[in-house]
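# Residue-level structural notes
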Amino acid sequence: MRIEWLDSLKGFAIFLVVVGHVILGYIRAETFTEYQWSLQFVYDVIYSFHMPLFFLISGFLYKLTWARKNSGLLKKISNKFLNIVPMYLLFSVVFWLSKYYATLYGNIQMSDHFNLVDLMHIYIAPLSYLWFLYVLIWLFVAIPIFESIIKPTIVFIIFLCLYFFMPPVHGLLKIINLIIYGGVYFTLGSVLCMYQDQLRTIICNKLNGIGFISIVLAVITFPYIEVHNILKFICAISGSVFLSILFFKFKNIKWVTIWNICGRYSLGIYILHLYFSGPLRTIFKHLSIDNIMVCLILSCMISTIVPIFIVKFFDRYKITSWVFGNSKLIKLKS
């Protein structure tokens, strides 16, 4: 059984990912230099909470769905591992090839460049936006094991302390920083799922007040999120809580439910959107389309909608639909 408003929230969150990457592409390409400050501000606002929100939802759904399965812990982990890893490996290769040949022959404005060494290091250093899949792989393996040994609340506290006080890791192992970063919100989502009934009873009649406090905290802490991870955490949680309350309270309103389809195909959108947003910058440049709003709106809409149709096509004709997460590639028998 799907939670419709949560699908809508996830759909809006994935759209913000697309918007953030589209804006980042224009910032790095220095296409609209007169709007650099505005673009950077919007980008910073989006990135202050949208990935934490994604990990929160992932952790919540992980606890919700795994609790309903009767198979053992190792089988649950193995099934998840064997379905995410092939997807990660496949799109690491595809993304590397697309970037390499687009830069070499396509004269496309690329925000980053890769060489063969980068491809060889994907086991420890994911390429660009694929860091999210890489971190999820580790979290879906590690968190269930940790939670089988100690209480989920303690696991969350451990990740939170590491996030607040552990010095950043540099060099080839810097991905550890992102694993801890994602782990904080993933484990928090897991804890929230465990206590959702109690929380619903406590805050059900206080949503308006909590929503107001959340947005105030987000606004206050936002200018200081680079000062310390504690302030970054408060800002991310505040923004996520405000948006969650907004989507929950208006879950039957059309502008909320319209995001539901994006939520259902969020993984496909995430994996595919950069294959459109990058080339679109070059196409708009060649067509002399220099209106910033036209470029941003078209880029975001096309990079969101086209991946949905691609995933639906693959799913309809059963052509390796496992790639986009709509069916299982491998499932171990109980």
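Residues numbered from 1 in each chain as written. Predicted model: local features only at pLDDT ≥ 70, side-chain atom pairs only at ≥ 80, totals over all residues. Heavy atoms only, no water.

### A closer look at the overall build of the protein
The secondary structure content of the protein amounts to 16 helices and zero strands. Burial status across the protein gives 46% buried among its 334 residues. Sequence-distant contacts, at least 24 apart, represent 77% of the contacts inside the protein between residues at least 6 apart. Total accessible area on the protein stands at roughly 17600 Å², and carbon and sulfur atoms take up 69% of it. (Helix = DSSP H or I, 4+ residues; strand = E, 2+ residues; numbered from the N terminus. Buried < 20%, exposed > 50% of the residue type's maximum accessible area, 1.4 Å probe, protein only. Contact = heavy atoms within 4.5 Å. Areas by Shrake-Rupley, 256 points an atom, 1.4 Å probe, with all protein chains shown as cover.)

### Thoughts on the nonpolar core
Membership of the largest hydrophobic core comes to 91 residues, with the highest contact counts inside it found for F55, W131, Y185 and F233. Considering each element in turn, this core owes the most residues, 14 residues, to helix α1 (residues 4–29). When near neighbours in sequence (up to four residues on either side) are disregarded, Y185 contacts P52, F55, L56, Y163, K232, F233, A236 and I237. (Core = buried A, V, L, I, M, F, W, Y, C linked by side-chain atoms within 4.5 Å.)

### Regarding the environment of M194
Structurally, M194 can be placed in helix α8 (residues 175–194). The class of M194 is partly exposed, set by a relative accessible area of 34%. Every residue in contact with M194, bar those within four places of it in the chain, is listed here: K63 and P152.

### Structural notes on the side chain of K63
Note that K63 resides in helix α3 (residues 50–66). Aside from chain neighbours lying at most four places away, what touches K63 is E147, P152, S190, C193 and M194.

### Description of the packing of aromatic side chains
All told, the structure shown has 29 aromatic pairs when counted by the stated rule. Here F140 and F186 contribute two aromatic rings whose centre-to-centre distance is 5.4 Å and whose plane-to-plane angle is 85°, an arrangement assigned as edge-to-face. With F140 in helix α6 (residues 131–149) and F186 in helix α8, this pair connects stretches of sequence that are 46 residues apart. Each member of the pair F140 and F186 is classed as buried. In this structure, K80 is placed above the aromatic ring of F140, and the distance from its NZ or CZ to the ring centre is 4.6 Å. (Phe/Tyr/Trp six-rings, centres within 6.5 Å; stacked < 30°, edge-to-face > 60°. Lys NZ or Arg CZ within 6 Å of the ring centre and 35° of its normal.)

### Regarding unusual backbone geometry
The phi torsion at E30 lies on the positive side, around 55°, for a residue other than glycine. Looking at the secondary structure, you find E30 in the loop between α1 and α2 (36–47). Overall, the relative accessible area of 54% leaves E30 in the exposed class. One non-glycine residue, S128, adopts positive backbone phi at about 50°.

### So, the pattern of salt bridges
A pair can form between side chains of opposite charge whenever their charged atoms are brought close. Summed over the entire model, instances satisfying the criterion amount to three salt bridges. Close ionic contact of D197 with R200 constitutes a salt bridge, the shortest N to O distance being 3.0 Å. With D197 and R200 both in helix α9 (residues 196–203), this residue pair falls three residues apart, about one helical turn. Overall, R200 belongs to the partly exposed group, its relative accessible area being 45%. (Salt bridge = Lys/Arg side-chain N within 4 Å of Asp/Glu carboxyl O.)

### Some details on the confidence of the model for the protein
Of the residues in the protein, 90% reach a pLDDT of 70 or more, and the chain-wide mean stands at 86. pLDDT under 50 marks residues 106–111. Its contacts with residues more than four places away, or in other chains, come to 19 contacts. Overall, residues 326–334 carries pLDDT values under 50, and its contacts beyond four positions in sequence, including any with other chains, amount to 23 contacts. (pLDDT = per-residue confidence, 0-100.)

### Remarks on the packing of α8 against helix α11 (residues 229–249)
Running from amino to carboxyl end, α8 crosses α11 at an angle of 45°, the nearest separation of the two axes being 12 Å. Accordingly, the angle class assigned to the pair α8 and α11 is oblique. Both α8 and α11 take part in a crossing whose hand is right-handed. Here V184, Y185 and L188 of α8 lie close against α11, whose contacting residues are K232, F233, A236 and I237. Partitioning the contact of α8 with α11 into residue classes produces six nonpolar, no polar and one charged. (Axes fitted to C-alpha atoms, helices over the stretch in contact; angles between N-to-C directions. Parallel < 35°, antiparallel > 145°, perpendicular 65-115°, else oblique. Left-handed = near helix turned anticlockwise from the far one by under 90°. Nonpolar A, V, L, I, M, F, W, Y, C, P; charged D, E, K, R; others polar.)

### Remarks on the packing of α1 against α3
Viewed as axis vectors pointing N to C, α1 and α3 meet at an angle of 145°, and their least axial separation amounts to 10 Å. The way α1 lies across α3 gives a crossing that is left-handed. Contacts between α1 and α3 involve L6, L9, K10, A13, I14, L16 and V17 from the former and H50, M51, L53, F54, I57, F60 and L61 from the latter. Of the residues in the contact of α1 with α3, the class split is 12 nonpolar, one polar and one charged.

### A few points about helix α15 (residues 274–286)
Helix length check: α15, at 13 residues, gives a terminal C-alpha distance of 19 Å against a target of 18 Å (1.5 Å per residue), a fit within 8%. Remark: the principal bend of α15, roughly 25°, maps to L280. All of the buried residues in α15 are L274, S277, G278, L280, R281, T282 and F284. Note on α15: the residue one or two positions beyond its end, S288, has a positive phi of about 60°. (Expected span 1.5 Å × (residues − 1). Bend = angle between axes of the 7 residues up to and from the residue.)

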